[in-house]
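One-letter residues, chain by chain:
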Amino acid sequence: MTPIQNRYDFAYLIDVTNGNPNGDPDAGNLPRSDPQTGRGLISDVSLKRKVRNFVSMTKPDDPGYEIYVAEKAVLNNQHARAWDEALPGEKRVAKKLPKDRAKAEALTAWMCENFFDVRTFGAVMTTEVNCGQVRGPVQFAFGQSVEPIIPLDVAVTRMAVTNEADADKERTMGRKHIVPYGLYRVHGFISARLAGSGGKGTGFSEEDLELFWSALEQMFDHDRSAARGEMAARRLVVFRHESDIGNAQSHKLLRRVEVARAVDGKSHPIGAPGLPPARAFEDYEVRVDREHLPSGVEILECF
């Protein structure tokens with residue numbers, strides 16, 4: 001497969017209704033938030049996990065689309081496969097790559113060819129069985145809600161008990177943390193150079209890119225849980241550069257995607273005083289500035 005030849009930057013809007021988009025295990029699984037601004041956060045790791053799950057579900061047996069960071073995966077076992085198949089008979093030294101550069105690169109290349117998430121997001125594979133390190137062409141920034149969130153702590157009850165000895169006890173109590181509604185904005189970046197357009201890279205291809213866009217559109221439909229019952233991908237605005245190195249700075253392009261509040265048919269800036277709390281995507285207006293685009297950049301609205 002031919003590596004992608006264009007750089008991409010994208011703005012991705014997702015929302016949650018009465019759910020926890022990304023709990024913080026260090027805070028009792030409360031929805032993550034910025035303590036200074038009150039805006040909700042979603043980690044890049046959480047988003048990558050959902051992409052991995054989507055790819056694993058849609059291409060379970062396709063060569064080249066295995067998932068490296070899979071649930072209960074033993075990473076050293078995956079590394080050992082690379083040694084056995086890329087360098088059969090080569091003696092392994094703990095935590096060391098082969099001294100021969102070509103052999104070391106063959107190990108890393110095997111991992112990229114066989115694991116979608118390695119050639120997409122990269123990986124540090126310098127464990128007991130060493131396969132090198134890969135810098136991935138696709139990266140997410142942290143997602144951030146466009147307005148402050150106010151998480152709710154909801155009490156729930158359980159009718160059943162765990163042990164026979166507790167059968168006569170009253171119902172047990174539990175807690176759930178939810179965000180009544182939140183619209184989150186995520187920025188992402190795809191480097192053609194790290195994919196291999198200028199020579200060596202991970203081999204992230206046009207086919208991989210199409211699968212990645214599909215994952216962003218559909219992955220929340222397959223990620224339902226008691227905590228994330230209603231999450232949805234709302235908009236994906238992509239800036240496609242004509243060149244592999246890029247035709248404009250990312251931050252300037254991403255500013256062209258603006259989110260405002262929509263109340264009674266009128267547009268209001270985010271944070272304007274007196275606005276009612278948002279409870280649906282329709283309470284927002286998304287605008288994309290297409291005027292005077294830098295030469296060599298086009299806007300793709302995927303959904």
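Residues numbered from 1 in each chain as written. Predicted model: local features only at pLDDT ≥ 70, side-chain atom pairs only at ≥ 80, totals over all residues. Heavy atoms only, no water.

As a further point, take the sheet that holds strand β14 (residues 284-288). Pairing is antiparallel across the open sheet formed by 3 strands, whose spatial order is β13-β12-β14. The outermost strands of the open sheet, each flanked by one partner alone, are β13 (266-268) and β14. The sheet shows a mean angle of 45° between the axes of neighbouring strands, direction not considered. As paired elements, strand β12 (residues 257-263) and β13 share 3 bridges and run antiparallel to each other. (Pairing = 2+ DSSP bridges. Helix = DSSP H or I, 4+ residues; strand = E, 2+ residues; numbered from the N terminus. Axes fitted to C-alpha atoms, helices over the stretch in contact; angles between N-to-C directions.)

A word on the packing of aromatic side chains. Scanning all chains against the criterion turns up 11 aromatic pairs. On the numbers, 6.1 Å between centres and 85° between planes, the contact of F10 with F140 is edge-to-face. Remark: F140 occurs in strand β7 (residues 138-140) and F10 occurs in strand β1 (residues 8-19); sequence separation between them is 130 residues. With respect to burial, F10 and F140 carry one shared label: buried. Both rings, one in Y68 and one in F115, keep their centres 5.8 Å apart while their planes meet at 70°; by these two values the pair is edge-to-face. Taken together, the positions of Y68 in the loop between α1 (44-58) and α2 (75-86) and F115 in the loop between α3 (101-114) and α4 (116-121) put the pair 47 residues apart, joining distant regions of the chain. The exposure class of Y68 is buried, given its relative accessible area of 3%. Taken together, Y8, F10, F121, F140, F212 and W213 form an aromatic cluster joined through their ring pairs. Cation over ring: R119 sits above Y65, and NZ or CZ is 5.0 Å from the ring centre. Positioned above the aromatic ring of Y284 is the side chain of R261, whose terminal nitrogen or guanidinium carbon lies 5.4 Å from the ring centre. (Phe/Tyr/Trp six-rings, centres within 6.5 Å; stacked < 30°, edge-to-face > 60°. Buried < 20%, exposed > 50% of the residue type's maximum accessible area, 1.4 Å probe, protein only. Lys NZ or Arg CZ within 6 Å of the ring centre and 35° of its normal.)

Bringing the pattern of salt bridges into the picture now. Under the counting rule described, the total for this entry stands at 23 salt bridges. Notably, a salt bridge pairs D223 with K50, separated by 3.5 Å at the nearest N-O pair. Of this pair, D223 sits in the loop between α6 (206-218) and β11 (231-241) while K50 sits in helix α1; the two residues are 173 residues apart in sequence, bridging distant segments of the chain. With relative accessibility at 11%, the residue D223 sits in the buried group. Among the ionic pairs, R256 bridges to D289, the shortest N-O distance being 3.7 Å. Of this pair, R256 sits in the loop between α7 (250-254) and β12 while D289 sits in the loop between β14 and β15 (297-301); the two residues are 33 residues apart in sequence, bridging distant segments of the chain. On the accessibility criterion, D289 (34% relative accessible area) is partly exposed. Several salt bridges converge on common partners, so that one network encompasses K50, D223 and R228. (Salt bridge = Lys/Arg side-chain N within 4 Å of Asp/Glu carboxyl O.)

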